[in-house]
Amino acid sequence: MRKYEKSSKGEMASAMKKIIEYMKGSVGIVAVALVLAALGAVLTIIGPDKVGEITDLIADGLMTGIDLKAVARVGIFLGAIYISSSLFTFIQQYIMATVTLKMSYRMRSDLSRKINCVPQKYFNSHSQGDILSRITNDVSTLQQGLTNSLPTIISAAAQFVGCLIMMFVTEWRLALISLFITFLGLFLIVFIMSKSQKFFLDRQESLGKLNGYVEEMYSGHEVVRISRGADNVKEHFGGLNEAVYNANWKSQFLSGMMQPLMNVIGNIAYVAVCVFGSVLALNGTIKFGVIISFILYVRLFTSPLGQIAQGMTNMQTASASAQRIFDFIESEELSDESDKSSEVPEVKGNVSFENVRFSYPDTPDKVIIKNFSAEVKAGQKVAIVGPTGAGKTTMVNLLMRFFEINSGSISIDGTPISQLSRETVHNMFSMVLQDTWLFEGTVRENLVYNMEGISDESLERVCKACGLDKFVHTLPEGFDTVLSESVAISAGQKQLLTIARAMLQNAPMLILDEATSSVDTRTELLIQRAMDKLTKGRTSFVIAHRLSTIKNADLILVMRDGDVIESGNHETLMAKGGFYAELYNSQFDQAS
Amino acid sequence: MIKLLKKMGKREVLMAVLCALLVLGQVYFDLTLPDYMTDLTMMLNTAGSETSDILNVGLKMLGCTLASAALAIVCGYLSAKTASGFSYTIREKLFNHVMDMGSEEMQDFSIPSLITRTTNDITQIQMIVSMGLQMIIKSPIMAVWAVIKILGKSWELSAVTAAFVVVICVFVLAVMATCIPRFRIVQKLTDKINRVARENLTGINVVHAFNAEKYQNDKFDVPSKDMMNTQLKNQRMFALMMPVMNIGMNGLTLAIYWLGAVLIQQIALTAVQDRITFFSNVVVFSTYATYVVMSFMMLVMIFMMLPAAQVSAERINEVLERDVNIKEGSVSEGREQGTVEFKNVSFRYPHASEDELSNISFKIEKGQTLAIIGATGSGKTTLISLIPRFYDATEGEVLVDGVNVKNYKFDTLYDKLGYVTQKAVLFAGSIRENVFFGESAAPESDEELKNAIELSQAEEFVDKLPDGTEHMISQMGRNVSGGQKQRLSISRALSRKPEILVFDDSFSALDYKTDAKLREGLNEKLGDTTKIIVAQRISTIRHADKIIVLDRGEAVGMGTHEELMKNCDVYKEIALSQLSAAELA
């Protein structure tokens, strides 16, 4: 659970400005809705007055006979007012719901589109959960804030002002008294609310901590068991649970106090008006009827204040959400490339790296790739090896333009890739990544992913080449089986599926980043053969821990701390007796 | 829900009962208030009332509100404590129960589902209890009391009130009944939107590599649009709620006065007293009728909310009622030292139709190394997970130090074992806390910590950290790389100073050199410790004392590397796929 930071007044205003800009087309209709909200509220002020009139009519007629015609007249008028007031409220809510829900839909689309437009570095500073919660939680918080709180504030304000005017017009002394008492009460409420806010934050925070702990311990339950950690874990959980309990009851208690307190304040004002009113009436300063109307006004006067206070708090939360939404929507995007040609040129597959230097944008001091140079000829199989953290994956990410290099250049067939559009570069490569990525959908959807014109025959062929045919055929619906959490697929099978996907893509060049690490060596051999068929005549880049995978590479680049320290084929590197030979021989060290 | 409520602590039950009593008082004061109000109105209406009289009634009225408010606050305090205490108890029970569960039960429920049950479902219940506690007690009392107050005053007015109550309640029910199923749909769509966006985020590189940005956006659009349409229907429907309820409440007051006027007129002018009495009845009626309608509306809403809570309660009960299959034994000492033996062990996952392991037998002695190799899905992990009793063997016996693992006390068994899982698991906390996680018979000193870290080859990066072993690992170890995580989880197993070490493919994220160094260190320093290693790489295991080759759950070969190269085809095939014949020689 995420805690909502309340935005300050200035931020609220700027968020509002942005929302108005965002809803440009519907500002007019929203204004209509808000006017209706105000009108509906003002009409309700008339209501009690008219009920009073009926009472008077009856009271007056007790001795002499009631003027039923007059009663009917007032009754019809009052009914008309109730109906039109309700109608206004309905239309207003209908409009607000429609406008804000359409806005939410547009926001979600924009946010989702944005995911694919921001540079990779954005994901280094923002967690996945954070982005997801903007798409779902924040959008819905904002929507609710706008549909409910905004009209509430407007109508409550209209009711408040309307009452105030009526009160002062009727009798200014009584108006002052009720105003004084109400504000005293309001002060008390604001005080309690500001106190309870802290506990609400506490509650969200402690609950967030507890949920995080639960997630962690459930996921690692085997380790907890084997480490005899259960007692400690339960104890720690008890502490977190205690904190949730405390924050929970305190916040709930404080917010529960609001309603009774509002009642008390209303009634104090009520009694005060009666007492002072009767004093004035006995003096002959005012008529008794004035007191009656005042009693009704006091009721109508105190309730909107609570609503306004509540509405403002909600709006603050909503504008904090708006802030987070616009933060993402307005964040920096990948450079526009509409001027670059997106046509795929005839690819031969000569790739050259010249003095490539790279560091992540947020840590410019930590140079990941120092000075990488290499010349790859068309059709070569290039292996990149080296210890963890040497920068192997970074190199292929640079080749794919997932990140932009700081200096130097990478060219394909003599054209620097920075002059090609990203789309073009991506089209040149089939890529299999270390982290297997499958989504909930059928096997077919996962394999054919965003490609066109893939026939069932080619699907079958590729699956056979990857040794997946048996697996697919044992699935209940074959290629149309939906892959979800309930279908058990091993890590190896997942990897095979992503390899099959890349094979289907059939691009001129190939990148394999630890593509077979979870597959057992026999299956790997099978894939290797299929791959070799696929890579024949295609330039391919292979990263692998298992050196057996890359022994037959045409060019082996040995990386260490961001530099190529050795290069050549297996035989020449072994003969050299350097780092590669050492790495390779460590497989056979005497150790058991 | 009721089953769950029975789990409430005594203190909570007491508080709930007290709360109910207080509500009774509160309702009394709330319903007396209109009486005074009528008095006051009457007084103001009749000329010649004294200010002191008015003040008197006013003060009584104030007393009523204050008393009611005080009771409401005390009651709010009690119900807040009850609801929070209730969820506290349930949460604790649930968490402790889950922590005692074995892998089988965890698998059955799935971890994400258990997490939602412990967090969201309990929050749901708490909300209902805290809201419901006051409303459930208050609204029926209020309704009944208010009905009593107006009962017998006038059947015509009663009929009108009843008609309004029925109409409004039916309306609220109808709106809720159409909207609540749609709320569930919205919930499902939210999950779907989350899933598609999460898939996009986790696969961002693949999405870019396949130029599939538009594909993803189109895919996202489907649930997003569905969500908008469902919510539009819902919220437009809900827009009817408030206005109709307002018309109902105000209309009722109007109807009572209007009808009242007509009824009074029918009474003969001469019967002045009757006319006045009836008039005051009308005034009282109009006030209480509103209370009746309001309390019925509240009741309807609670009944509509209850099913949602019911679903959550059932999900929680399901977990609480699930028996834990793994039962603790009583033996606290082994007969031998450092031995592991499997006697004709077969294993079948619950609900599975085929054996995962069939008829496995072997024994290793103190200080020996046993390696297990085989293709993906051949049952390697399953085999070793029988040793720490993540699962119990379906047939046959698993013996550690000559005693069946089922007979050991948990603590005794786990003190003998150091187990490193396939997927490295770290927890939020310092490196030190992670290494010394849980309890063991081994001492926890700086020196032990240093040794464990050194031996697991983790010191290479731990030493580079500015705060060394005090460095904080973030939740689930997100701030360390895969290889570092693996080495730290090995340190954790080593720090327990076990008799038997089990590694489940725990060197996969290490490069060959680190892998070799680690194994060398283990051999030198921990010569007396029995080691069981699951691995993919031949180089990792070729020097083991005994190698078991698994194929589809069966041991198709057992022996040393040299023996297996001669007589086990599967082994030979695996070996040759990794190393050339010359290298193997």
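Residues numbered from 1 in each chain as written. Chains lettered and ligands numbered in written order. Predicted model: local features only at pLDDT ≥ 70, side-chain atom pairs only at ≥ 80, totals over all residues. Heavy atoms only, no water.

If you look chain B up in an unreviewed UniProt entry, it shows as ABC transporter permease/ATP-binding protein from Ruminococcus bicirculans. The UniProt entry for chain B carries this comment under Subcellular location (unreviewed entry): "Cell membrane". (UniProt positions renumbered as here; feature names shortened; annotations may be inferred.)

The name given to chain A in an unreviewed UniProt entry is ABC transporter permease/ATP-binding protein, and the organism recorded there is Ruminococcus bicirculans. Recorded in UniProt under Subcellular location (unreviewed entry), the annotation for chain A is "Cell membrane".

### A short note on the overall build of chain B
The number of helices and strands found in chain B is 20 helices and 12 strands. Principal-axis analysis of the C-alpha atoms gives chain B an extent of 125 × 55 × 50 Å. Within chain B, buried positions represent 54% of all 585 residues. Here the contacts in chain B between residues at least 6 apart in sequence split such that 77% fall between residues at least 24 apart. Total accessible area on chain B is roughly 24500 Å²; 58% of this is exposed by carbon and sulfur atoms. (Helix = DSSP H or I, 4+ residues; strand = E, 2+ residues; numbered from the N terminus. Buried < 20%, exposed > 50% of the residue type's maximum accessible area, 1.4 Å probe, protein only. Contact = heavy atoms within 4.5 Å. Areas by Shrake-Rupley, 256 points an atom, 1.4 Å probe, with all protein chains shown as cover.)

### Details of the sheet that holds strand β10 (residues 530-534) of chain B
Residues and elements named next belong to chain B. If you walk across this open sheet you meet the six strands as β6-β9-β10-β3-β11-β12, and the pairing is mixed. The open sheet has two edge strands, β6 (417-420) and β12 (554-559), and neither has a second partner. If you compare each strand with its neighbour and ignore which way they point, the axes differ by 15° on average. When strand β3 (residues 369-374) meets β10, the two strands line up parallel, connected through four bridges. Within β10, the residue paired with Thr-369 across the bridge is Lys-531. Here helix α15 (residues 482-495) sits on the sheet and contacts β6 and β9 (500-504); the angle it forms with β6, its principal contact strand, is near 175°. (Pairing = 2+ DSSP bridges. Axes fitted to C-alpha atoms, helices over the stretch in contact; angles between N-to-C directions.)

### Notes on the packing of aromatic side chains
Tallied over the full model, the rule gives 30 aromatic pairs over all chains. Ring centres of Phe-90 of chain A and Tyr-94 of chain A lie 5.9 Å apart, and the angle between their planes is 55°; on these two criteria the pair is classed as tilted. Here Tyr-94 of chain A and Phe-90 of chain A lie together in helix α3 (residues 68-115), a separation of four residues that amounts to about one turn. Its relative accessible area of 22% is what places Phe-90 of chain A among the partly exposed residues. Their ring planes at 75° and their centres at 5.2 Å tell us that Phe-390 of chain B and Tyr-419 of chain B sit as a pair that is edge-to-face. Taken together, the positions of Phe-390 of chain B in the loop between α10 (380-385) and β4 (395-400) and Tyr-419 of chain B in strand β6 put the pair 29 residues apart, joining distant regions of the chain. Summarising the burial analysis for this pair, Phe-390 of chain B and Tyr-419 of chain B share the class buried. Three or more aromatic residues joined by ring pairs form one cluster here, namely Trp-437, Phe-439 and Tyr-449 of chain A together with Phe-210 and Tyr-215 of chain B. A cation over a ring is seen here: Arg-225 of chain A above Phe-410 of chain B, with NZ or CZ 5.2 Å from the ring centre. A cation over an aromatic ring shows up here: Arg-501 of chain A above the ring of Phe-210 of chain B, its NZ or CZ 6.0 Å from the ring centre. (Phe/Tyr/Trp six-rings, centres within 6.5 Å; stacked < 30°, edge-to-face > 60°. Lys NZ or Arg CZ within 6 Å of the ring centre and 35° of its normal.)

### Details of the packing of helix α8 (residues 230-283) of chain A against helix α3 (residues 51-100) of chain B
It is at 8 Å that the axes of α8 of chain A and α3 of chain B come closest, and there the two elements cross at 170°. In terms of orientation, α8 of chain A lies roughly antiparallel with respect to α3 of chain B. Class assignment for the residues of the contact of α8 of chain A with α3 of chain B results in 30 nonpolar, 16 polar and six charged. (Parallel < 35°, antiparallel > 145°, perpendicular 65-115°, else oblique. Nonpolar A, V, L, I, M, F, W, Y, C, P; charged D, E, K, R; others polar.)

### Comments concerning the sheet that holds strand β2 (residues 357-364) of chain B
All names here are of chain B. Spatial ordering of the open sheet is given by β2-β1-β4-β5, a layout of four strands whose pairing is antiparallel. Among the strands making up the open sheet, the edge pair consists of β2 and β5 (403-404). Pairing analysis gives five bridges linking strand β1 (residues 340-347) to β2, with the strands arranged antiparallel. Within β2, the residue paired with Val-340 across the bridge is Ile-364.

### Quick word on the pattern of salt bridges
Across all of its chains, the model carries 35 salt bridges over all chains by this definition. Between Lys-18 of chain A and Glu-330 of chain A there is a salt bridge, and its shortest N-O distance comes to 3.7 Å. Of this pair, Lys-18 of chain A sits in helix α1 (residues 9-22) while Glu-330 of chain A sits in the loop between α9 (288-329) and β1 (351-359), and the two are 312 residues apart along the sequence. Accessibility expressed as a relative area gives 25% for Lys-18 of chain A, which makes it partly exposed. Ionic pairing is found between Asp-446 of chain B and Arg-432 of chain B, a salt bridge with its closest N-O pair at 2.5 Å. A residue pair is termed long-range when its members are at least 10 positions apart, and Asp-446 of chain B in helix α13 (residues 446-455) and Arg-432 of chain B in helix α12 (residues 431-435) qualify at 14 residues. The structure contains a network of salt bridges with shared partners spanning Arg-228 of chain A together with Asp-411, Asp-415, Glu-439 and Arg-496 of chain B. (Salt bridge = Lys/Arg side-chain N within 4 Å of Asp/Glu carboxyl O.)

### Considerations on the side chain of Lys-531 of chain B
All names here are of chain B. Relative to the helices and strands, Lys-531 is located in strand β10. Of the buried charged residues, Lys-531 lacks a salt bridge, with Asp-545 as the closest side chain of opposite charge at 7.2 Å. Reaching out from Lys-531, the side chain makes a polar contact with the backbone oxygen of Thr-529 at a distance of 3.1 Å. Dropping the residues within four chain positions of it, Lys-531 is found in contact with Ile-364, Gly-367, Gln-368, Thr-369, Leu-370, Leu-501, Leu-522, Asn-523 and Leu-526. (Lys, Arg positive; Asp, Glu negative; His and termini not counted. Polar contact = N/O pair within 3.5 Å; in protein donor to acceptor, adjacent residues only side chain to side chain.)

### Remarks on the UniProt feature "transmembrane region" (unreviewed entry) in chain A
Residue and element names in this part refer to chain A. As recorded in UniProt, the sites labelled "transmembrane region" (unreviewed entry) are residues 76-99, 150-169, 175-193 and 261-282. The distance separating the terminal C-alpha atoms of residues 76-99 is 34 Å; by composition the span is 100% helix and 0% strand. Annotated as residues 175-193, this span is 100% helix and 0% strand, and its ends, taken at the C-alpha atoms, are 26 Å apart.

### Quick word on the interface of chain B and chain A
In this complex, chain B contributes 157 residues to the contact, which on the side of chain A involves 143 residues. At the junction of chain B with chain A, the criterion picks out six salt bridges. Among the salt bridges present, the one from Asp-411 of chain B reaches Arg-228 of chain A, with a minimum N-O distance of 3.2 Å. Here chain B is connected to chain A by 38 residue pairs in polar contact (both at pLDDT 80 or more). For the side of chain B that touches chain A, the per-class residue count stands at 79 nonpolar, 48 polar and 30 charged.

### A closer look at the UniProt feature "transmembrane region" (unreviewed entry) in chain B
All names here are of chain B. Here the UniProt-annotated "transmembrane region" (unreviewed entry) positions come out as residues 59-80, 127-148, 160-180, 237-258 and 278-306. As a span, residues 160-180 carries 100% helix and 0% strand, and end to end its C-alpha atoms are 30 Å apart. Counted over residues 278-306, helix gives 100% and strand 0%. Its end C-alpha atoms are 41 Å apart.

### Some points on the environment of His-543 of chain B
Residues and elements named next belong to chain B. Position of His-543 among the secondary structure elements: in the loop between α17 (538-541) and β11 (546-551). Residue class for His-543 comes out partly exposed when judged on its relative accessible area of 23%. Sequence-wise, His-543 and His-561 are 18 residues apart; in three dimensions their C-alpha atoms are separated by 6.9 Å.

### Observations concerning helix α9 (residues 272-320) of chain B
Helix length check: α9 of chain B (49 residues) gives 69 Å between terminal C-alpha atoms against 72 Å at 1.5 Å per residue, within 8%. Maximum bend of α9 of chain B: about 25°, positioned at Leu-306 of chain B, with proline Pro-307 of chain B one to four residues after it. (Expected span 1.5 Å × (residues − 1). Bend = angle between axes of the 7 residues up to and from the residue.)

### Things to note about the nonpolar core
Ranked by internal contacts, the top residues of the largest apolar core, which has 90 residues, are Phe-353 and Phe-429 of chain A. Ranked by residue count, the leading element in this core is helix α15 (residues 491-505) of chain A, at seven residues. Here Phe-353 of chain A is in contact with Phe-372, Ser-373, Ala-374, Met-395, Leu-399, Ser-409, Ile-410 and Phe-541 of chain A, once residues within four sequence places are set aside. Listed in part, the 57 residues of the second largest apolar core include Ile-180, Met-241, Met-249 and Leu-254 of chain B. (Core = buried A, V, L, I, M, F, W, Y, C linked by side-chain atoms within 4.5 Å.)

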